[in-house]
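# Residue-level structure breakdown
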Amino acid sequence: MPSSCDSLMEDIEDMVSSSDPTPHERQSARKSIIPRARKKKELMSDEELQADSLIPGTQKIWMKTWGCSHNNSDGEYMAGQLAASGYKMTDDPTEADVWLLNSCTVKNPAEDHFRNSIKKAQEQQKKVVVAGCVPQAQPRMDYLKGLSIIGVQQIDRVVEVVDEAVKGHSVRLLGQKKDGGRRLGGARLDLPKIRKNPLIEIISINTGCLNACTYCKTKHARGDLASYPIEELVERARQSFQEGVCEIWLTSEDTGAYGRDIGTDLPTLLWRLVEEIPEGAMLRLGMTNPPYILEHLEEMAKILNHPRVYAFLHVPVQSASDSVLMDMKREYCIDDFKRVVDFLKERVPGVTIATDIICGFPGETEEDFEATIDLVKAYRFPSLFINQFYPRPGTPAARLEQVPAHVKKQRTKELSQVFHSYNPYDHKVGERQHVLVTEESFDSQYYVAHNKYYEQVRLLSRYINQRLKHRIHKSHEHSILQPHTHIYLCMASKTLSTCEKSTLKHLQINQFPPALTIIRNMFEVMLFISREGKGW
């Protein structure tokens, strides 16, 4: 049967009829076509700048950190990640596009400074990103509305948050890091980092604590104890020494409680870390509360006697009254504290014990306060951090009947006078000690070193990055530090050869926060050193 198409055409050429234009005619017709000119879209200069400014990773960032060494370590990690992502960290807040404010919630003044900085940034039309314990503990505060927040366990995502803040978005990352349901110590320890001092590595060995102190707001932010595995901490220390670090600070809300959540303990960690410390470098242990160090006193004495570990321990007592300690829920009595101090003083000759005291805690009587005065007079602590009590919102202590403000101030003043009345370093005049020098004082008049007991020695001669042996020439009365008075560092060693010495010249010493370390008060002690002849 023939196809229905058979009668339509025999060849493909049958599709062109004789009436259609020839190819020549079609080509001639194109010459009369005038193409329409496209208008170029011209951008105004201010539009170009605006477009550039919205590209994340091209902005300048100024970061301000308040608070403890743990918070400072978090700040160093955040700065390192931002710089690795292309952002430029600046020391000048006026030229910055973004202000990253890393807060502390321990006392009211620190939060006041934080809140005022937010207001100042907004007045200057700066993008604001907040971090640290204040927004973690109270993210719904009115003055935090609309701001991007980086939680204390989310610092590894700082670049994401800043990127979105640059675009004008508000991001809040406040979650906890977990592995199989178990809470982790925090972000990875191998993240990029910009150290405020290239010779000091601050390692957070755990976050949170096992206590429930009635005055503490930090607990609301850092939570319960969560420790890093020993292997991760050892690897971080090993990496730091390879990068030229000469001193490691171990920090946390309570170093003595380390490992209780993962089946280990602090002495086990310390012995592993000591194996990694090169000759001449040093390890400094952070704050530990009395309850968790009591069972490790024998081992701790051995560790503090190790030549590469500072014979220094910070043990907060807060009050010498058992009644006040009970109201604080400190979980120890004054005899427990004395046992720790007496044991270490006996087993670790020359050990430096630093402590903290709160004046005017709710319910503190004159007898309670006098007991604290007697304790300070008896032990003559070379490092004493004196705090006037501040009721922190949301804490049980804030709901108690408060000691009148004028009484708190008077007690703080009286205890400070007792602290100023003695000089714990007079007996060191004439001693010959090894000291290590790495830093310049804020006024550029002295060079700062520390001895085995983490006592600050200020040299009149220039011996940066050297190990020296000097004779103590003179000691001066100590006093409580004011903000930005001194830097609180210093070790140097043979490992310094791997570190660029020139970086020391560029340290912004005045940027160090007032509470960079846990030993805030011993550094006004001025041990002038006179260099003797050769052959020491």
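Below you will find a few notes about this structure. Note that this is a predicted model, so its numbers are computed, not measured.

## A few points about the overall build of the chain
Per the secondary structure count, the chain includes 15 helices and 21 strands. Taken across its 536 residues, the chain has 55% of its residues classed as buried.

## So, helix 13 (residues 334-347)
Compared with the 20 Å implied by 1.5 Å per residue over 14 residues, the 20 Å span of helix 13 between its first and last C-alpha is a close match. Against helix 10 (290-293), helix 11 (297-304), strand 14 (312-314), helix 12 (322-328), strand 15 (352-359) and helix 14 (366-379) lie the buried residues of helix 13.

## Quick notes on the sheet that holds strand 13 (residues 282-284)
An order of 9-12-13 is seen for the 3 strands of this open sheet, with the pairing classed as parallel. Both outer strands of the open sheet, strand 9 (200-204) and strand 13, are each paired with one neighbouring strand and no more. Geometrically, the sheet is characterised by an average inter-axis angle of 20 degrees between neighbouring strands, direction not taken into account. As judged from the 3 bridges shared by strand 12 (residues 247-251) and strand 13, these two strands associate in the parallel manner. Looking at the pairing, Trp 249 lines up with Arg 284 of strand 13.

## Side note on the packing of helix 9 (residues 266-274) against helix 11
It is at 10 Å that the axes of helix 9 and helix 11 come closest, and there the two elements cross at 20 degrees. As judged from the angle between their axes, helix 9 and helix 11 are roughly parallel. Once helix 9 is placed against helix 11, the crossing between them reads as left-handed. Two secondary-structure elements touch here, helix 9 through Leu 266, Pro 267, Leu 270 and Trp 271 and helix 11 through Glu 299, Met 300, Lys 302 and Ile 303. Of the residues that constitute the contact of helix 9 with helix 11, the class distribution is 6 nonpolar, no polar and 2 charged.

## Side note on the packing of aromatic side chains
Tallied over the full model, the rule gives 10 aromatic pairs. Relative to Tyr 422, the ring of Phe 419 lies with its centre 5.9 Å away and its plane at 90 degrees, an arrangement referred to as edge-to-face. What links up through ring pairs into an aromatic cluster is the set Trp 66, Phe 114 and Tyr 143. Geometry around Trp 66 places Lys 64 over its ring, the cationic atom sitting 5.7 Å from the centre. Of note, Lys 193 hangs over the ring of Tyr 77, and the distance from its end group to the ring centre comes to 4.4 Å.

## Section: the nonpolar core
Leu 100, Ile 150, Leu 250, Leu 266 and Leu 344 are the most contacted members of the largest nonpolar core, which totals 81 residues. Every residue in contact with Leu 250, bar those within four places of it in the chain, is listed here: Ile 203, Ile 205, Thr 255, Leu 270, Leu 273, Leu 283, Arg 284, Leu 285 and Gly 286. Core analysis: the second largest hydrophobic core is formed by 17 residues, Ile 118, Ala 121, Leu 144 and Leu 147 among them.

## Quick notes on helix 6 (residues 158-166)
Each α-helix turn comprises 3.6 residues. Residues three or four places apart therefore point the same way. Within helix 6, 7 of the 9 residues are buried, leaving the element largely enclosed by the surrounding structure. Inspection of helix 6 places Val 158, Val 159, Val 161, Val 162, Asp 163, Ala 165 and Val 166 among the buried residues, and these make up the whole buried set. Of the residues trailing helix 6, Gly 168 is marked for its positive phi of about 95 degrees.

## Focus: the packing of helix 11 against helix 13
As a packed pair, helix 11 and helix 13 sit with axes 10 Å apart at the nearest point and diverge in direction by 40 degrees. Compared by their axis directions, helix 11 and helix 13 come out oblique. As helix 11 packs across helix 13, the resulting crossing turns out to be right-handed. Here Leu 297, Glu 298, Ala 301 and Leu 304 of helix 11 come into contact with helix 13, specifically with Arg 339, Val 340, Phe 343, Leu 344 and Arg 347. Split by residue class, the contact of helix 11 with helix 13 holds 6 nonpolar, no polar and 3 charged.

## Things to note about the sheet that holds strand 5 (residues 148-150)
Spatial ordering of the open sheet is given by 2-1-3-4-5-6, a layout of 6 strands whose pairing is parallel. The open sheet has two free edges, formed respectively by strand 2 (88-89) and strand 6 (172-173), since each of these has just one partner strand. Where helix 4 (residues 108-123) meets the sheet, it contacts strand 3 (98-103) and strand 4 (127-132), and its direction lies at approximately 170 degrees from that of strand 3.

## Considering the pairing of strand 3
Burial analysis of strand 3 places 6 of its 6 residues in the buried class, which makes it a mostly covered element. Where burial is concerned, the two faces of strand 3 agree: the one with Val 98, Leu 100 and Asn 102 and the one with Trp 99, Leu 101 and Ser 103 are both buried. Viewed along the sheet, the connection from strand 3 through helix 4 into strand 4 turns out right-handed.

## Some thoughts on the environment of Ser 103
Secondary-structure assignment places Ser 103 in strand 3. Expressed as a C-alpha distance, the spacing of Ser 103 and Pro 135, which sit 32 residues apart in the sequence, is 7.8 Å. Apart from residues lying up to four places away in sequence, Ser 103 is in contact with Trp 66, Asn 71, Phe 114, Ala 131, Gly 132, Cys 133, Val 134 and Pro 135.

## Remarks on the pairing of strand 18 (residues 447-450)
Within a regular strand, the side chains alternate between the two sheet faces. Side chains Tyr 447 and Ala 449 project from strand 18 onto one buried face, and the interleaved Val 448 and His 450 project onto a second face that is buried too. Across 4 bridges, the pairing between strand 18 and strand 19 (residues 456-459) is antiparallel. Within the sheet, the bridge partner assigned to Tyr 447 lies in strand 19 and is Leu 459. Counting the residues that bridge the hairpin from strand 18 to strand 19 gives 5 residues, and of these Tyr 454 lies at a positive phi of roughly 60 degrees.

## Brief notes about the pattern of salt bridges
Within the structure shown, the criterion is met by 24 salt bridges. Here the salt bridges do not stand alone but share partners, grouping Glu 76, Lys 193, Arg 195, Glu 201, Arg 236 and Glu 243 into one network.

## What about unusual backbone geometry?
The backbone phi angle of Gln 318 is positive, close to 70 degrees, even though this residue is not glycine. Note on placement: Gln 318 falls in the loop between strand 14 and helix 12. The phi torsion at Glu 331 lies on the positive side, around 65 degrees, for a residue other than glycine. One can find Glu 331 in the loop between helix 12 and helix 13.

## Things to note about the state of the cysteines
Disulfide: a covalent bond formed between the sulfur atoms of two cysteine residues. Taken as a whole, this structure holds 0 disulfides when the rule is applied. Cys 68 provides the cysteine sulfur closest to Cys 104, a residue in no disulfide bond, and the two sulfurs are 6.4 Å apart. Given a relative accessible area of 11%, Cys 104 falls into the buried group. The thiol sulfur of Cys 133 is not disulfide-bonded, and the nearest other cysteine sulfur, from Cys 104, lies at 6.5 Å. For Cys 133, a relative accessible area of 5% gives the class buried.

Scoring rules and cut-offs
- Residues numbered from 1 in each chain as written.
- Predicted model: local features only at pLDDT ≥ 70, side-chain atom pairs only at ≥ 80, totals over all residues.
- Heavy atoms only, no water.
- Helix = DSSP H or I, 4+ residues; strand = E, 2+ residues; numbered from the N terminus.
- Buried < 20%, exposed > 50% of the residue type's maximum accessible area, 1.4 Å probe, protein only.
- Expected span 1.5 Å × (residues − 1).
- Contact = heavy atoms within 4.5 Å.
- Pairing = 2+ DSSP bridges.
- Axes fitted to C-alpha atoms, helices over the stretch in contact; angles between N-to-C directions.
- Parallel < 35°, antiparallel > 145°, perpendicular 65-115°, else oblique.
- Left-handed = near helix turned anticlockwise from the far one by under 90°.
- Nonpolar A, V, L, I, M, F, W, Y, C, P; charged D, E, K, R; others polar.
- Phe/Tyr/Trp six-rings, centres within 6.5 Å; stacked < 30°, edge-to-face > 60°.
- Lys NZ or Arg CZ within 6 Å of the ring centre and 35° of its normal.
- Core = buried A, V, L, I, M, F, W, Y, C linked by side-chain atoms within 4.5 Å.
- Right-handed = clockwise from strand over helix to strand, strands pointing away.
- Salt bridge = Lys/Arg side-chain N within 4 Å of Asp/Glu carboxyl O.
- Disulfide = S-S within 2.5 Å.

None of the figures reported here should be taken as evidence of function without further support.
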